[in-house]
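One-letter residues, chain by chain:
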Amino acid sequence: MSKKRIPELADIPFTGAKSITQYSQASRGICRDLAMEFEMAAEEVYGALCASQKGHPALFGVDVKLRARRVRNRLRRASEHAKGAAVETVKFHSQFRKEFADILNPPKVKPKFNFKDE
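Residues numbered from 1 in each chain as written. Predicted model: local features only at pLDDT ≥ 70, side-chain atom pairs only at ≥ 80, totals over all residues. Heavy atoms only, no water.

1. Observations concerning the overall build of the chain
Thought 1: From N to C terminus, the chain includes four helices and zero strands.
Thought 2: Ordering the α and β elements of the chain from the N terminus gives α-α-α-α.
Thought 3: Burial statistics for the chain: of 118 residues in total, 18% are counted as buried.
Thought 4: Pairs at least 24 apart in sequence give 58% of the contacts found in the chain among residues at least 6 apart.
Thought 5: Of the roughly 9,900 Å² of accessible surface on the chain, a fraction of 58% belongs to carbon and sulfur atoms. (Helix = DSSP H or I, 4+ residues; strand = E, 2+ residues; numbered from the N terminus. Buried < 20%, exposed > 50% of the residue type's maximum accessible area, 1.4 Å probe, protein only. Contact = heavy atoms within 4.5 Å. Areas by Shrake-Rupley, 256 points an atom, 1.4 Å probe, with all protein chains shown as cover.)

Put into structure tokens, the structure is as follows:
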């Protein structure tokens with residue numbers, strides 16, 4: 001099995017500051033979408049698992065809601081981690097700007113001696 005990459009990110013070559021910005025924005029968007037998907041799926045799976053208790057003989061006497069909450073909470077944690085990844089991509093961009101600010105925006109040095117002053 002070959003490794004599959006996220007094409008939205010893999011297709012961004014690191015060629016300069018603009019590509020770093022583009023990469024961090026794209027990865028933040030993906031992480032936020034993933035967090036939202038996990039959060040919605042958590043509620044859907046909880047509803048589906050709770051609905052499965054009605055009329056199923058193997059689930060008689062079993063606390064299905066408790067078990068369904070445990071399953072739902074795993075997806076909620078995944079959602080929180082995806083939100084954290086989105087925050088880290090913003091910090092990635094911020095750290096890049098901090099570490100390379102002097103290269104990206106070199107300070108303008110005024111000459112100390114004015115030769116044109118007469």
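2. Side note on helix H3 (residues 64–99)
Thought 1: With 36 residues, H3 ought to run about 52 Å at 1.5 Å a step, and its terminal C-alpha atoms sit 52 Å apart, in line with that.
Thought 2: For H3, the set of buried residues is Val64, Ala68, Arg72, Ser79, Ala82, Ala86, Thr89, His93 and Phe96.
Thought 3: Buried residues along H3 sit against helix H2 (17–51) and helix H4 (101–104). (Expected span 1.5 Å × (residues − 1).)

3. Quick notes on the pattern of salt bridges
Thought 1: Here the structure, examined in full by the defined rule, presents four salt bridges.
Thought 2: A salt bridge links Arg76 to Glu39, with the shortest nitrogen-to-oxygen separation between them at 3.7 Å. Here Arg76, found in helix H3, pairs with Glu39, found in helix H2; they are 37 residues apart in sequence, far enough to count as distant.
Thought 3: Owing to a relative accessible area of 26%, Glu39 belongs among the partly exposed residues under this scheme. (Salt bridge = Lys/Arg side-chain N within 4 Å of Asp/Glu carboxyl O.)

4. Some points on the packing of aromatic side chains
Thought 1: One pass over the structure, following the stated rule, counts three aromatic pairs.
Thought 2: Aromatic pair Phe14 and Tyr23: ring centres 5.0 Å apart, planes at 55°, arrangement tilted.
Thought 3: A connected cluster of aromatic rings, assembled from ring pairs, spans Phe14, Tyr23 and Phe92.
Thought 4: Above the ring of Tyr46, the side-chain terminus of Arg72 is found at 4.5 Å from the ring centroid. (Phe/Tyr/Trp six-rings, centres within 6.5 Å; stacked < 30°, edge-to-face > 60°. Lys NZ or Arg CZ within 6 Å of the ring centre and 35° of its normal.)

5. Points about the packing of H2 against H3
Thought 1: Running from N to C, H2 and H3 point in directions that differ by 170°, and their axes come no closer than 8 Å. Considering their axes alone, H2 and H3 lie roughly antiparallel with respect to each other.
Thought 2: Considered class by class, the residues forming the contact of H2 with H3 number 24 nonpolar, six polar and 10 charged. (Axes fitted to C-alpha atoms, helices over the stretch in contact; angles between N-to-C directions. Parallel < 35°, antiparallel > 145°, perpendicular 65-115°, else oblique. Nonpolar A, V, L, I, M, F, W, Y, C, P; charged D, E, K, R; others polar.)

6. Here we look at the side chain of His93
Thought 1: Mapping His93 onto the fold places it in helix H3.
Thought 2: For His93, the side chain forms a polar contact with the side chain of Thr21, separated by 2.8 Å. (Polar contact = N/O pair within 3.5 Å; in protein donor to acceptor, adjacent residues only side chain to side chain.)

7. Topic: the side chain of Arg72
Thought 1: Tracing the backbone shows Arg72 in helix H3.
Thought 2: Buried within the structure, Arg72 lacks any salt-bridge partner; Glu43 is the closest side chain of opposite charge, at an N-O distance of 4.3 Å.
Thought 3: Once residues lying within four places of it in the same chain are set aside, the contact partners of Arg72 are Ala42, Glu43, Val45 and Tyr46. (Lys, Arg positive; Asp, Glu negative; His and termini not counted.)

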